[in-house]
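For reference, the chains in residue letters:
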Amino acid sequence: MKIASGAMFGFCAAVIVVSGACLYAADQAEKKTEKSDATIAVGEGKLVLTAPEKWSRVKPKYNMIEHEFAVPAVEPDTQPGRLMVMGAGGSIDDNIKRWVGQFEPAAGEPKIEKKSIAGQLVHLVDISGNFKDSPGPNSGIAATERPDYRMLAAIIESKAGNYFVKLYGPKKTMAAAEADFHKMIDGLQAK
């Protein structure tokens, strides 16, 4: 079978256009996947937060953690920050007391405030000091002491339940992440 050179050129041009369109579609799909990777949905999707792009989603270390992110370390810190999001029981005051008790000695009084975001009551906690990093309650593993650490945390009270957003890490890394943490919390969406 003979194909005229003009027809062959048209066929090749069509293949290039279709290939380019496929590459563009694949690139757009990848970008959507990357953006959705920053989405933190809890309470059957009724509460949604968006993590900063520079934070990396990681596999949660424990089953009770619904979402976990690594926050890049800032020099001279060598350890990244750790963001965990989960639903949990217990009273809000008891959980805050437990968090405060993880810092010995604490560097001053913890800062605790309440505010309404997207119609939800949010309790914000800021604690610094030497952090007793424990793998979890009843793990049987001794806590690792981490000097000069800081925790930024929020407890979101909602009809879907209480959700805990806890970010902790070395002091300079947390100072660099503080504005992004508050922007993420202030961007809470409730459906």
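None of these values were measured; they are calculated from a predicted model. (Residues numbered from 1 in each chain as written. Predicted model: local features only at pLDDT ≥ 70, side-chain atom pairs only at ≥ 80, totals over all residues. Heavy atoms only, no water.)

### Notes on the overall build of the chain
Looking only at helices and strands, one finds three helices and 11 strands in the chain. Walking the chain from its N terminus toward its C terminus, one meets helices and strands in the order α-β-β-β-β-β-α-β-β-β-β-β-α-β. Relative to its 191 residues, the chain shows a buried fraction of 35%. Relative to all contacts within the chain whose residues are 6 or more apart in sequence, the contacts with residues 24 or more apart total 56%. Looking at the chain as shown, the accessible area adds up to about 11,500 Å², and 56% of this sits on carbon and sulfur atoms. (Helix = DSSP H or I, 4+ residues; strand = E, 2+ residues; numbered from the N terminus. Buried < 20%, exposed > 50% of the residue type's maximum accessible area, 1.4 Å probe, protein only. Contact = heavy atoms within 4.5 Å. Areas by Shrake-Rupley, 256 points an atom, 1.4 Å probe, with all protein chains shown as cover.)

### Focus on the confidence of the model for the chain
Model confidence for the chain is summarised by a mean pLDDT of 83, while 79% of its residues fall at 70 or above. Across the chain, the secondary-structure element scoring lowest on mean pLDDT is helix α1 (residues 5-36), at 44, and the one scoring highest is helix α3 (residues 171-186), at 98. Confidence over residues 11-35 falls short of pLDDT 50; this stretch has zero contacts with residues more than four positions distant or in other chains. (pLDDT = per-residue confidence, 0-100.)

### A look at the pattern of salt bridges
By the definition in use, this model includes eight salt bridges. The shortest N-O distance in the salt bridge between Arg57 and Asp37 comes to 3.0 Å. In this pair, Arg57 sits in strand β3 (residues 56-58) while Asp37 sits in the loop between α1 and β1 (39-42), placing the two residues 20 residues apart along the sequence. By sharing partners, the salt bridges in this structure join Asp126, Arg150 and Glu178 into a single network. (Salt bridge = Lys/Arg side-chain N within 4 Å of Asp/Glu carboxyl O.)

### Considerations on the packing of aromatic side chains
One pass over the full model with this rule turns up five aromatic pairs. Aromatic side chains Phe103 and Phe131 sit 5.0 Å apart centroid to centroid with 40° between the ring planes, which places their arrangement in the tilted category. Of this pair, Phe103 sits in strand β6 (residues 103-106) while Phe131 sits in strand β8 (residues 120-133), and the two are 28 residues apart along the sequence. With respect to class, Phe103 is no different from Phe131; both count as buried. The interplanar angle of 10° and the centroid separation of 6.1 Å between the aromatic rings of Phe131 and Tyr149 together place this pair among those described as stacked. Taken together, the positions of Phe131 in strand β8 and Tyr149 in strand β9 (residues 144-158) put the pair 18 residues apart, joining distant regions of the chain. Among the residues examined, Phe131 registers a relative accessible area of 1% and is labelled buried. (Phe/Tyr/Trp six-rings, centres within 6.5 Å; stacked < 30°, edge-to-face > 60°.)

### Things to note about the side chain of Arg150
Within the secondary structure, Arg150 is located in strand β9. A distance of 2.7 Å separates a polar atom in the side chain of Arg150 from a polar atom in the side chain of Asp126. Among the polar contacts listed, one links the side chain of Arg150 to the side chain of Glu178, at a separation of 3.1 Å. Ignoring sequence-local partners within four residues, the contact set of Arg150 consists of Phe103, Asp126, Ile127, Ser128, Leu167, Tyr168, Gly169, Met174, Ala175 and Glu178. (Polar contact = N/O pair within 3.5 Å; in protein donor to acceptor, adjacent residues only side chain to side chain.)

### Here we look at the nonpolar core
Nonpolar side chains tend toward joint burial in soluble globular proteins. Membership of the largest hydrophobic core comes to 26 residues, with the highest contact counts inside it found for Trp55, Leu83, Val165, Leu167, Phe181, Met184 and Ile185. Every element with two or more residues in this core is listed here: β1, β2 (47-50), β4 (67-71), β5 (81-87), β8, β9, β10 (161-170) and α3. Sort the elements by how many residues they give to this core and α3 lands first, with five residues. Beyond its immediate chain neighbours, meaning those up to four positions away, Leu167 contacts Trp55, Val71, Gly81, Arg82, Leu83, Arg150, Met151, Leu152, Met174, Ala177 and Phe181. Membership of the second largest hydrophobic core comes to 16 residues, among which are Met86, Ile127, Phe131 and Tyr168. (Core = buried A, V, L, I, M, F, W, Y, C linked by side-chain atoms within 4.5 Å.)

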